[in-house]
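Spelled out, the chains give:
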Amino acid sequence: MKALIVNGSHRQNSESARVARVLQDHFLPAHFTDIGLHDLGEMDLPFWDEGVWNGDPEWEFKLEKLRKDQYEADALIFVCPEWNGMATPRLKNYFLLGDEGGLEDKPALIVAVSAGLGGAYVVSELRSSSYKNTKLCYIPDHLIIRDVSNMLTTAPLFSDDPIADRCRYSVGRLAVYAQALSVVRVPLNEPRSYPYGM
Ligand SMILES: Cc1cc2nc3c(=O)[nH]c(=O)nc-3n(C[C@H](O)[C@H](O)[C@H](O)COP(=O)(O)O)c2cc1C
């Protein structure tokens with residue numbers, strides 16, 4: 001099975017990028033044979049404009065690999081910092097660009113990140129507003145990595161790390177959902193009904 005991690009922070013050397021790499025290197029390999037990363041801090045992904053709908057060749061070029069990765073993924077992990085009590089603008093942009101079907105009926109794990117005691121707003125925002133057109137299926141478990149600079153820093157054993165066991169558990173649950181939801185997905189050659197939800 002393939003997993004795709006999305007790092008929503010667009011800060012240089014962000015903690016979210018570090019957390020994404022820790023998940024990629026230490027927790028996902030137990031369940032997924034292929035693990036991709038879309039790092040929104042490094043990808044050249046402009047903000048949505050009308051050219052996306054009009055099939056602008058520049059956009060088609062920019063989105064080709066992104067969409068291929070999304071279609072091939074069996075599960076998604078969204079690592080996102082809380083910024084001013086919100087998910088980041090580039091992650092919201094990623095969802096605007098991701099309504100073509102590649103994320104549809106795919107299970108997704110939310111990993112919210114905070115330097116302090118925040119993070120809950122990211123969970124609430126993603127659960128309420130990013131699934132309608134993408135048709136992502138957020139699993140009931142989520143992770144909130146608070147005090148992030150002191151968490152997940154003791155690889156590979158992560159001794160006495162309170163969040164490491166939660167990561168292991170949630171990634172395991174994600175993998176079970178990935179198996180289970182594979183039977184729900186509409187075959188690629190069938191037209192999508194009601195792509196914009198209600
Ligand atoms: C523009 C901005 C706004 C922020 N707002 C919040 C916030 O509302 N709540 C919070 O817990 N942390 C906030 N932080 C601090 C982040 O928790 C901190 O930067 C942490 O390392 C996660 O972000 P990162 O992945 O970009 O490093 C903010 C940081 C930035 C850059």
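The paragraphs below set out a description of the structure included in this document.

Calculation rules
- Residues numbered from 1 in each chain as written.
- Predicted model: local features only at pLDDT ≥ 70, side-chain atom pairs only at ≥ 80, totals over all residues.
- Heavy atoms only, no water.
- Helix = DSSP H or I, 4+ residues; strand = E, 2+ residues; numbered from the N terminus.
- Buried < 20%, exposed > 50% of the residue type's maximum accessible area, 1.4 Å probe, protein only.
- Contact = heavy atoms within 4.5 Å.
- Areas by Shrake-Rupley, 256 points an atom, 1.4 Å probe, with all protein chains shown as cover.
- Lys, Arg positive; Asp, Glu negative; His and termini not counted.
- Charge placed at Lys NZ, Arg CZ, Asp CG, Glu CD.
- Near = heavy atom within 4 Å.
- Polar contact = N/O pair within 3.5 Å; in protein donor to acceptor, adjacent residues only side chain to side chain.
- Patch = residues over 30% accessible without salt bridge, like charges linked within 9 Å, V, L, I, M, F, W, Y side chains within 5 Å.
- Salt bridge = Lys/Arg side-chain N within 4 Å of Asp/Glu carboxyl O.
- Pairing = 2+ DSSP bridges.
- Right-handed = clockwise from strand over helix to strand, strands pointing away.
- Core = buried A, V, L, I, M, F, W, Y, C linked by side-chain atoms within 4.5 Å.

1. With respect to the overall build of the protein chain
Helices and strands together make up the secondary structure of the protein chain, namely 5 helices and 6 strands. Taken across its 198 residues, the protein chain has 48% of its residues classed as buried. Intrachain contacts of the protein chain at a sequence separation of at least 6 include 79% that bridge at least 24 residues. When the accessible surface of the protein chain is totalled, it reaches about 10,300 Å², and 54% of it is carbon and sulfur. Counting 20 positive and 27 negative side-chain charges, the protein chain places the centres of these two groups 4 Å from one another.

2. A closer look at the site of the ligand
Taken together, 14 residues lie near the ligand, and Ser9, Arg11, Ser16, Asn84 and Ser114 sit nearest. Ser16 has a polar side-chain atom sitting 2.6 Å from an oxygen atom of the ligand. A distance of 2.6 Å separates an oxygen atom of the ligand from a polar side-chain atom of Ser114. Coverage of the ligand by the protein chains reaches 71% of its 600 Å² of free accessible surface.

3. Points about a negative patch on the surface
Together, Asp49, Glu50, Asp56, Glu58, Glu60, Glu64 and Glu100 give the surface a local cluster of negative charge. The topology assignment puts Glu64 in helix H2 (residues 57–72). A residue is classified by how much of its surface remains accessible, and Glu64, at 56% relative accessible area, is exposed.

4. Side note on the pairing of strand E2 (residues 34–39)
The pairing of strand E1 (residues 2–7) with E2 spans 6 bridges and is parallel. Across the sheet, residue Val6 finds its bridge partner in E2, namely His38. Where the polypeptide runs from E1 across helix H1 (residues 15–27) and back to E2, its parallel neighbour, the crossover connection is right-handed.

5. Topic: the nonpolar core
One finds Leu23, Phe32, Ile77 and Leu152 to be the most contacted residues of the largest nonpolar core, which totals 30 residues. When contributions to this core are tallied by element, the ones reaching two or more residues are E1, H1, strand E3 (75–81), strand E4 (107–113), strand E6 (143–145) and helix H5 (164–181). Broken down by element, the residue count for this core peaks at 6 residues, all from H5. When sequence neighbours within four positions are dropped, the list of residues in contact with Leu23 reads Ile5, Leu28, Pro29, Ile77, Val79, Val111 and Cys167. If you look at the next biggest cluster of nonpolar residues, it comprises 27 residues, including Tyr94, Phe95, Ala112 and Ile144.

6. Thoughts on helix H4 (residues 120–129)
Of all the positions in H4, only Val122, Val123, Glu125 and Leu126 are classed as buried. Where H4 is buried, its residues contact E3, helix H3 (89–96), E4, strand E5 (137–138) and E6.

7. With respect to the side chain of Ser114
By the element assignment, Ser114 lies in the loop between E4 and H4. For Ser114, a relative accessible area of 10% gives the class buried. Of note is the side chain of Ser114, whose polar atom sits 3.0 Å from the backbone nitrogen of Gly118. When neighbours within four sequence positions are excluded, Ser114 is seen to be in contact with Gly119, Ile145, Arg146, Asp147 and Val148.

8. Here's the deal with H3
What H3 keeps buried is the set Leu91, Asn93, Tyr94 and Phe95. Considering only its buried residues, H3 is in contact with E1, E2, H2, E3, H4 and E5.

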